[in-house]
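Next come the chains, spelled out residue by residue.
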Amino acid sequence: MSTSAAFLRAIALTECAPEHADRAFSAQPQPVPWPKAYGGDTVAQSAAAAIRTVDGDRLLHSVHSTFLRGVDIAEPVRYEVELLRDGRGFSTRHVRGHQHGRLAFLATASFHVPEEFPAHGPEMPEVPDPETLPSSAEALAGYAGADVDYWSHDRSFDMRHVPGPVYVRVEGERVPHQAVWVRAFQALDDDPVTHQLAIAYVCDYTILEPVLRVLGLPWRDEGLVTASLDHAMWFHAPARADEWLLYAHESAGISDGRGLGLGRFFDRTGRLIATVAQEGMIRPGRAL
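Caption draft 1: How the structure looks around the overall build of the chain. Secondary structure assignment for the chain yields 6 helices and 12 strands. Computed over C-alpha atoms, the radius of gyration of the chain comes to 18 Å, within 12% of the 19 Å expected from 2.2 N^0.38 for 288 residues, which places it in the range of a compact globule. Expressed along its principal axes, the backbone C-alpha trace of the chain runs to roughly 50 × 45 × 40 Å. Looking at the chain as a whole, 50% of its 288 residues qualify as buried. Contacts in the chain between residues at least 24 apart in sequence constitute 72% of all its contacts with a sequence separation of at least 6. For the chain, the exposed area adds up to about 13,300 Å²; of that, 51% sits on carbon and sulfur atoms. Of note, the chain has its 26 positive side-chain charges centred 4 Å away from the centre of its 38 negative side-chain charges.

This is how it looks when you write it as structure tokens:
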């Protein structure tokens, strides 16, 4: 059964005694079919920890992250939050994720008191409606394995690719861009923070896929190893993550075994919701 339970468990933080900073929270990475945790766990958990330390008059508008070590899915991560600044219009937090006595993750989060101001953003690409596209489970029908079960049901979000997914093979053209309709599998609560964290959580699943697509590397390619290196995200407008959002992304460059992905979230009216940039390590198991 497809549910959003993994995401909801991931953002269920428990406050604990800080060891290195002003506040601290623990959170549990969610199961995946490989040894190290999904990067969206740490991005969303660190953002949730930072949000817990600011006044309710200001909203998270950006988070900049660095992945230092792979996170063990069997052990909780302790997020230490340093309260760097609280001004009239902005607040800044520094978050450090610790596991097994070592620093695994760093993030800087910035918050802003909302202001009335004109909005502008790029146009949303024209793509087929999500209702006309196969779900991941439908695209993977006939395949078996723990990875297939994970991609189909266990990632908390329904994802529908244009021009096609890159799970087992690269479907569609080997172009450096794609779009994915995303929506939580189940209805979420009405707290805007939950939906903002959901968008932060889901953004890491596919941001490097245009890099894989242009290289002709599906996720199941034998010997392929990828890892998130650093990540940045800016929030422009609120949106519900249990309604369809279009996540349009592209490969912004590939060199030295690293690929840079750029992405934008739009709601169905075409409004820009968030912008993402992430660099990742790409180590293919075969000569390219």
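Caption draft 2: Quick peek at the packing of helix α2 (residues 39-51) against helix α5 (residues 192-202). Orientation of α2 relative to α5, taken along the N-to-C sense of each, is 150°, at an axis distance of 8 Å. In terms of axis orientation, α2 runs roughly antiparallel to α5. Pair α2 / α5 crosses with right-handed handedness. For the pair formed by α2 and α5, the contact residues are Gly40, Asp41, Val43, Ala44, Ala47, Ala48 and Ile51 on the first element and Val193, Gln196, Leu197, Ala200 and Tyr201 on the second. Its residues placed into classes, the contact of α2 with α5 shows 9 nonpolar, 2 polar and 1 charged.

Caption draft 3: Region of interest: the packing of aromatic side chains. Per the stated rule, a full pass over the model turns up 11 aromatic pairs. Between the aromatic rings of Phe67 and Phe105, the centroid separation amounts to 5.3 Å while the plane-to-plane angle is 65°, which identifies the pairing as edge-to-face. Here Phe67 is found in strand β3 (residues 59-67), whereas its partner Phe105 is found in strand β6 (residues 102-112), with 38 residues between them in sequence. Grouping residues by exposure puts Phe67 and Phe105 together as buried. Measuring from centroid to centroid gives 5.0 Å for Trp151 and Tyr167, while their planes differ by 25°, and the two rings are stacked.

Caption draft 4: Local environment of the environment of Ala47. Relative to the assigned elements, Ala47 resides in helix α2. According to the relative accessible area criterion, Ala47 is buried, its value standing at 1%. Excluding residues that lie within four positions of it along the chain, Ala47 makes contacts with Leu60 and Leu197.

Caption draft 5: Structural context of the pattern of salt bridges. This model, assessed by the stated rule, comprises 14 salt bridges. Here Glu82 ties to Arg96 by a salt bridge, and the two come within 3.1 Å at their closest N and O atoms. With Glu82 in strand β4 (residues 77-86) and Arg96 in strand β5 (residues 90-99), this residue pair connects regions lying 14 residues apart in the sequence. Close ionic contact of Asp190 with Arg240 constitutes a salt bridge, the shortest N to O distance being 3.0 Å.

Caption draft 6: Here's a closer look at the pairing of strand β9 (residues 225-235). Two elements, β3 and β9, share 5 bridges in a ladder whose sense is antiparallel. The residue of β9 that forms the bridge with His64 is Ala232. As paired strands, β9 and strand β12 (residues 272-283) are joined by 10 bridges and run antiparallel to one another. Its bridge partner being in β12, Thr226 is matched across the sheet by Ile282.

Caption draft 7: Looking closely at the sheet that holds strand β1 (residues 14-16). The sheet built from 12 strands is open, its strands ordered β1-β2-β4-β5-β6-β3-β9-β12-β11-β10-β8-β7 with antiparallel pairing. In the strand order of this sheet, the two ends are held by β1 and β7 (157-162), each with one partner. In this sheet, neighbouring strand axes are inclined to one another by 25° on average, regardless of whether the strands run parallel or antiparallel. In terms of strand pairing, strand β8 (residues 177-184) meets strand β10 (residues 245-255) through 6 bridges, oriented antiparallel. Across the sheet, the residue bridging to Val180 is Tyr247, located in β10. Along the sheet face, α5 touches β3, β7, β8, β9, β10, β11 (258-266) and β12 and points at about 150° away from the line of β9.

Caption draft 8: Up close: α2. With 13 residues, α2 extends 19 Å from end C-alpha to end C-alpha; this agrees with the ideal 18 Å at 1.5 Å per step. In terms of burial, α2 is largely enclosed, as 13 of its 13 residues are buried.

Caption draft 9: Quick look at unusual backbone geometry. Here the amide bond leading from Val162 into Pro163 is cis, since omega sits at 10°, within 30 degrees of zero. Topologically, Pro163 is positioned in the loop between β7 and β8. Its identity is not glycine, yet Asp256 carries a phi of approximately 50°, on the positive side. Within the fold, Asp256 resides in the loop between β10 and β11.

Cut-off values and rules
- Residues numbered from 1 in each chain as written.
- Predicted model: local features only at pLDDT ≥ 70, side-chain atom pairs only at ≥ 80, totals over all residues.
- Heavy atoms only, no water.
- Helix = DSSP H or I, 4+ residues; strand = E, 2+ residues; numbered from the N terminus.
- Rg over C-alpha atoms; globule rule 2.2 N^0.38 Å.
- Buried < 20%, exposed > 50% of the residue type's maximum accessible area, 1.4 Å probe, protein only.
- Contact = heavy atoms within 4.5 Å.
- Areas by Shrake-Rupley, 256 points an atom, 1.4 Å probe, with all protein chains shown as cover.
- Lys, Arg positive; Asp, Glu negative; His and termini not counted.
- Charge placed at Lys NZ, Arg CZ, Asp CG, Glu CD.
- Axes fitted to C-alpha atoms, helices over the stretch in contact; angles between N-to-C directions.
- Parallel < 35°, antiparallel > 145°, perpendicular 65-115°, else oblique.
- Left-handed = near helix turned anticlockwise from the far one by under 90°.
- Nonpolar A, V, L, I, M, F, W, Y, C, P; charged D, E, K, R; others polar.
- Phe/Tyr/Trp six-rings, centres within 6.5 Å; stacked < 30°, edge-to-face > 60°.
- Salt bridge = Lys/Arg side-chain N within 4 Å of Asp/Glu carboxyl O.
- Pairing = 2+ DSSP bridges.
- Expected span 1.5 Å × (residues − 1).

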